Amino acid sequence: QVQLVESGGGLVQAGGSLRLSCAASRSIFTINAMGWYRQAPGKQRELVADITSGRNTNYADSVKGRFTISRDNAKNTVYLQMNSLKPEDTAVYYCNAKVVGVSLHDYWGQGTQVTVSS
């Protein structure tokens, strides 16, 4: 089991920045990949960025060059630095952890709202 707690969302003007944090309840050394997803009203949840235990990263095309995902293993925390925010980035952002054992287990945080005003 992994509990994930997100923080750092809020209201920001277009062009501004926010940093999201996701704290895991256990060592993220044992978590194969962690990532951030988002869901806007009326839309499906989509991958924003993820990072593997080997620190390989993957980004949605819409956020490349603006968002950076990172992990601090000592703090069991994953971050999403969001710069040059746009109104279309407005969504609820969810932290995700993927643990591969006999099968794949997905764990989710409760979500944090990010609102970008124009």
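This report concerns the structure included in the present document.

1. Here's the deal with the pattern of salt bridges
Across all of its chains, the model carries 5 salt bridges by this definition. Residues Asp 61 and Lys 64 are paired through a salt bridge, measuring 3.1 Å at the closest nitrogen-oxygen approach. A salt bridge links Arg 66 to Asp 89, with the shortest nitrogen-to-oxygen separation between them at 2.8 Å. With Arg 66 in the loop between β6 (57-59) and β7 (67-72) and Asp 89 in the loop between β8 (77-82) and β9 (91-100), this residue pair connects regions lying 23 residues apart in the sequence. The pair Arg 66 / Asp 89 is uniform in exposure class, with both members buried. Counted as one network, the salt bridges with shared partners bring together Arg 38, Glu 46, Arg 66 and Asp 89.

Procedures and definitions
- Residues numbered from 1 in each chain as written.
- Predicted model: local features only at pLDDT ≥ 70, side-chain atom pairs only at ≥ 80, totals over all residues.
- Heavy atoms only, no water.
- Salt bridge = Lys/Arg side-chain N within 4 Å of Asp/Glu carboxyl O.
- Helix = DSSP H or I, 4+ residues; strand = E, 2+ residues; numbered from the N terminus.
- Buried < 20%, exposed > 50% of the residue type's maximum accessible area, 1.4 Å probe, protein only.

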